[in-house]
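Observations on the three-dimensional arrangement
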Amino acid sequence: MTATENHALELPASARVTPQRQAVLDAVEALDGAFTPIELFDRARLRDPHLGLATVYRTVELLRQTGSVRLLVHEGRPTYVRCHAGHHHHLVCTSCGSVEETELCAAPSADQLRKRHGFHAQDHQVDIYGTCERCA
């Protein structure tokens, strides 16, 4: 499954959906794969030329808080990808930039970490960088 398939965008209940924020949400919906805030800003400004860059960053942060998008670091720059809320990881192609979700997980369970290291894990995130099947 690619990172954008069938994932509804969700804002926190307290967030107002202003016309500017809706332009950002629509731009996220239209993008395929990973995006930077600047790419999102450029696309959203086509709908609302008065949109400010700060609104894009604030909206992306709200989407990140709900799990609708996730931050990846790709080529040293912050890049975001749409996500579903369930447990998954990302396969990031360093050639074409595509992002694919996978439910495969090799991380030790919270119980294993607690027993072996006395560590109380809350969550984990794994992004695997390499070359996708199309680019290999």
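Small disclaimer: the values here were computed from a predicted structure and weren't measured. (Residues numbered from 1 in each chain as written. Predicted model: local features only at pLDDT ≥ 70, side-chain atom pairs only at ≥ 80, totals over all residues. Heavy atoms only, no water.)

**Things to note about the packing of helix α1 (residues 19-30) against helix α2 (residues 37-47)**
Rule in force here: Orientation is described by lines fitted to C-alpha atoms, with helices fitted over the stretch in contact, and by angles between N-to-C directions that extend from 0 to 180 degrees. Under the scheme used here, helices are H or I runs from DSSP no shorter than 4 residues and strands are E runs no shorter than 2 residues, and both carry numbers assigned from the N terminus. Any angle between 65 and 115 degrees counts as roughly perpendicular, while under 35 counts as roughly parallel, over 145 as roughly antiparallel, and the rest as oblique. A clockwise turn of the near helix away from the far one marks a right-handed crossing, whereas an anticlockwise turn of less than a right angle marks a left-handed crossing. We call two residues in contact when some of their heavy atoms are within 4.5 Å.
Relative to each other, α1 and α2 sit at 120 degrees, their axes nearing to 8 Å. Considered as vectors, α1 and α2 are oriented oblique to each other. As α1 runs across α2, the sense of the crossing is right-handed. Residues Gln22, Ala23, Val24, Asp26, Ala27, Val28 and Ala30 of α1 form the contact with α2, whose participating residues are Leu40, Arg43, Ala44 and Arg47.

**Quick look at the packing of α2 against helix α3 (residues 53-66)**
What counts, and what does not: We call Asp, Glu, Lys and Arg charged. Ala, Val, Leu, Ile, Met, Phe, Trp, Tyr, Cys and Pro are nonpolar, and the rest, Gly among them, are polar.
Between α2 and α3, the least distance of the axes is 10 Å, while the angle of their chain directions is 120 degrees. Comparing the axis directions of α2 and α3 gives the class oblique. Regarding α2 and α3, the two cross each other, and that crossing is right-handed. From α2, Pro37, Ile38, Leu40 and Phe41 reach across to α3, where they touch Leu53, Val56, Tyr57 and Val60. Looking at the contact of α2 with α3 residue by residue, the classes come out as eight nonpolar, no polar and no charged.

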